[in-house]
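Next come the chains, spelled out residue by residue.
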Amino acid sequence: MTRDICVVVPTIREYECVRTYAENAREHGFDTDRLQVVLVTEDFCDTAAMAAMLDEEGLSGEVFDEAAREEWYQRQGIAEYGHLVPAASHAQTSFGLLYMWAGDYEYGFFIDDDTLPEPEYDFFGRHLDNLAFEGEITGVASDERWVNVLYQNVEDHDLYPRGYPYAAMDEAVETEPVRVDDIVASQGLWTNVPDLDAVRILMDGDLQGQAQTRLTAEDFDEDFVAREGQYLTVCSMNLAFRREVIPAFYQLPMDDNPWDVGRFDDIWSGVFLKRACDVLDKQIYNGAPLCEHNKAPRSTFGDLNNEVPGLELNEHVWELVDDAGSDADTFAGVFEAMARELAETDFEGGAYDYENGAFLTYVGEHMLEWLDCLDALGDGGGDRADVGVAATDD
C-alpha cells in the first residue's frame, strides 16, 4: 500500500494520543502503512520518547522540534522562509503542510493532542469517505452568511464556536438538500469540551479555559456543508484535506507577532479556504467522525489575553476577502488575490480604522511569502501558476 497520508500532530504534552488513533485504525481494519505521522513539538520536549512511541506502534513518521525544523528548512533550501511558521504557536501546523508539499502525500490530517477518536467511527476511513463523497447532503445557510457548526442543537446548548463573529449571532438558519461532487476538506466535530473562545467560555461560567456546557454525540444529527457564499469556522483539531488545498490553507502567523494576536490561525485559514472553495466550486464536509475533546484546564483569562488583540479583526476579515479572486481558477490564484487585498490595503485609518489593523497587512504579506515558499519547495522556484496547476493536478 502506498504511504499517501500525512498526519500532522502539534504536541507538547499528550503525544500518546497517537496510540489511540493507531488502535482505532487497526480495530476498523484501516491500513496504518498508509500513514506518515509528523509530530511538531518544541526543543524542551522529549523527542526521543516520541520517536520511540511511533516505533512501538509500528508507525512511519518523524519528530520535529524547533532545531529539527530549522535543519529541515536548510536541507530543503527554504531557510529564508522559516519565519512563516511562528514559534511556540499552534500555527506550527503550517510546518506539516510544508512537509506534506515536499513529499508525495495525497491527503493530510490535522489532529490535536488533546483529542481521542470516538471509538464507533473508523476515524481515518470515515474522513477519506467524506473526501470522496458525491451526492446529496444537507446544505446550511443563514441570513448573516455564517453557519454555526453547532447549529443542530443550539436551542439547548446556545453555543457558538471559537471564531464565529459576534455580529453574526442570532441568525436565521435555513437548510435544504444540495448536491456536492468535489469535497476537498472534511471537518470532524467534537464531543465533551466544545471549542469556544474565551469570552464565550466566561459567559458559560468557566474560569479554567474549558466550558461548563459539554457536548455529546446526540448534539449532532447529520453531516452538512455550508452553502456557497456562506462562511463557517474551521477548527484544525479533527480535520482531513486534499493536497490541492495547501496553497490556500496556510495557518496564519499567530502568537509570535508584534501585535500579540493569537488563537485565530485555523479560523482565518478556514475563512480563506471557504472563499477559495466557493470560487472553484468545491466543498468542505462537516460532521462525522467525531472526536472527544479533552482540553486541559488553563486560565480562561490567559486565552482572553491572546484573543483580545484580534477580536475586532475577526469580525471583519471575511468581509475583506469576500470578493477577492473571483476570476481565479486555482487555489493559489484565489489565495494570492486575498493576500494582495490584505497586504495592499491601509488598515490604520480611513474606512478601516481597526484596532491592530496593521496585523492584517502583516498577514497578507506572509500569505504571499507562503506561495513563494511553496514554489521554491515544489520545483526549485516556479511561479504562482505552477503552484496552482500542481495543486489541482495532484
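The rules behind each value
Residues numbered from 1 in each chain as written. Predicted model: local features only at pLDDT ≥ 70, side-chain atom pairs only at ≥ 80, totals over all residues. Heavy atoms only, no water. Helix = DSSP H or I, 4+ residues; strand = E, 2+ residues; numbered from the N terminus. Buried < 20%, exposed > 50% of the residue type's maximum accessible area, 1.4 Å probe, protein only. Lys, Arg positive; Asp, Glu negative; His and termini not counted. Salt bridge = Lys/Arg side-chain N within 4 Å of Asp/Glu carboxyl O. Contact = heavy atoms within 4.5 Å. Phe/Tyr/Trp six-rings, centres within 6.5 Å; stacked < 30°, edge-to-face > 60°. Lys NZ or Arg CZ within 6 Å of the ring centre and 35° of its normal. Arc of directions from axis to C-beta. Patch = residues over 30% accessible without salt bridge, like charges linked within 9 Å, V, L, I, M, F, W, Y side chains within 5 Å. Areas by Shrake-Rupley, 256 points an atom, 1.4 Å probe, with all protein chains shown as cover. Charge placed at Lys NZ, Arg CZ, Asp CG, Glu CD. Core = buried A, V, L, I, M, F, W, Y, C linked by side-chain atoms within 4.5 Å. Axes fitted to C-alpha atoms, helices over the stretch in contact; angles between N-to-C directions. Left-handed = near helix turned anticlockwise from the far one by under 90°. Nonpolar A, V, L, I, M, F, W, Y, C, P; charged D, E, K, R; others polar. Parallel < 35°, antiparallel > 145°, perpendicular 65-115°, else oblique.

### As for the side chain of E315
Reasoning step 1: Position of E315 among the secondary structure elements: in helix α9 (residues 300–320).
Reasoning step 2: The side chain of E315 is buried and forms no salt bridge, while R200, the nearest opposite charge, is found at 6.2 Å.
Reasoning step 3: The contact partners of E315, leaving out residues within four places of it in the chain, are P165, Y166 and A167.

### Quick word on the environment of E27
Reasoning step 1: By the secondary structure assignment, E27 is in helix α1 (residues 17–27).
Reasoning step 2: You can call E27 exposed: its relative accessible area is 56%.

### Digging into the packing of aromatic side chains
Reasoning step 1: Counting across every chain of the model gives 32 aromatic pairs.
Reasoning step 2: Within the aromatic cluster, the residues linked to one another by ring pairs are F64, W72, Y73, F95, Y99 and Y105.
Reasoning step 3: Across the ring face of Y166, the terminal group of R200 is positioned such that the distance to the ring centre comes to 4.0 Å.
Reasoning step 4: Of note, R243 hangs over the ring of W101, and the distance from its end group to the ring centre comes to 4.9 Å.

### Details of the environment of N306
Reasoning step 1: If you trace the backbone, N306 turns up in helix α9.
Reasoning step 2: Along the primary structure N306 and P117 are separated by 189 residues, whereas in three dimensions their C-alpha atoms are 28 Å apart.
Reasoning step 3: If sequence neighbours within four positions are ignored, N306 has contacts with D260, V261, G262 and R263.

### Comments concerning α1
Count 3.6 residues to each turn of an α-helix, and residues three or four apart come out pointing the same way.
Reasoning step 1: Along α1, the positions that sit buried rather than exposed are C17, V18, Y21, A22, N24 and A25. The buried side chains of α1 occupy one side of the element, clustering within an arc of 155° when seen end-on.
Reasoning step 2: Once α1 ends, the next one or two residues include G29, with phi positive near 75°.

### Re the pattern of salt bridges
Reasoning step 1: Evaluated as defined, the whole model comprises 21 salt bridges.
Reasoning step 2: One salt bridge connects E57 with R26, and the closest N-O pair in it is separated by 2.8 Å. Separated by 31 residues along the polypeptide, E57 in the loop between α2 (47–56) and β3 (60–64) and R26 in helix α1 bring together distant segments of the chain.
Reasoning step 3: For R340, the salt bridge identified is with E344, shortest N-O distance 3.4 Å.
Reasoning step 4: Here R340 falls in the partly exposed class, since its relative accessible area comes to 36%.
Reasoning step 5: Residue class for E344 comes out exposed when judged on its relative accessible area of 59%.
Reasoning step 6: Through salt bridges with shared partners, one network takes in E16, R19, R26, E56 and E57.

### Quick look at a negative patch on the surface
Reasoning step 1: A cluster of acidic residues, E312, D346, E348, D353 and E355, forms a negative patch at the surface.
Reasoning step 2: The residue E312 is located in helix α9 in this model.
Reasoning step 3: A residue is classified by how much of its surface remains accessible, and E312, at 33% relative accessible area, is partly exposed.

### Quick look at the nonpolar core
Reasoning step 1: Ranked by size, the top nonpolar core spans 130 residues in total, and within it L98, F124, F241, W268, F272, M367 and W370 carry the most contacts.
Reasoning step 2: Broken down by element, the residue count for this core peaks at 11 residues, all from helix α11 (residues 358–379).
Reasoning step 3: The residues touching F241, leaving out its near neighbours within four places in the chain, are L97, M100, E106, Y107, G108, F109, F110, L131, V184, A185, I246 and F249.

### A few points about the packing of helix α3 (residues 66–76) against helix α4 (residues 93–102)
Reasoning step 1: The interhelical angle for the contact between α3 and α4, taken along N-to-C directions, is 35°, at an axis separation of 12 Å. Our pair here, α3 against α4, has a crossing hand that is left-handed. Within the contact between the two elements, α3 uses R69, W72, Y73 and Q76 and α4 uses F95, L98, Y99 and A102.
Reasoning step 2: In terms of residue class, the contact of α3 with α4 is built from six nonpolar, one polar and one charged.

### Re the packing of helix α8 (residues 265–280) against α9
Reasoning step 1: Two numbers describe how α8 lies on α9: the axes approach to 10 Å, and their chain directions differ by 10°. Looking at the two axes, α8 sits roughly parallel to α9. On α9, the residues touching I267, W268, V271 and F272 of α8 are G310, L313, N314, V317 and W318.
Reasoning step 2: Here the contact of α8 with α9 is composed, by residue class, of seven nonpolar, two polar and no charged.

Keep in mind that these numbers describe shape and distance, not what the molecule does.
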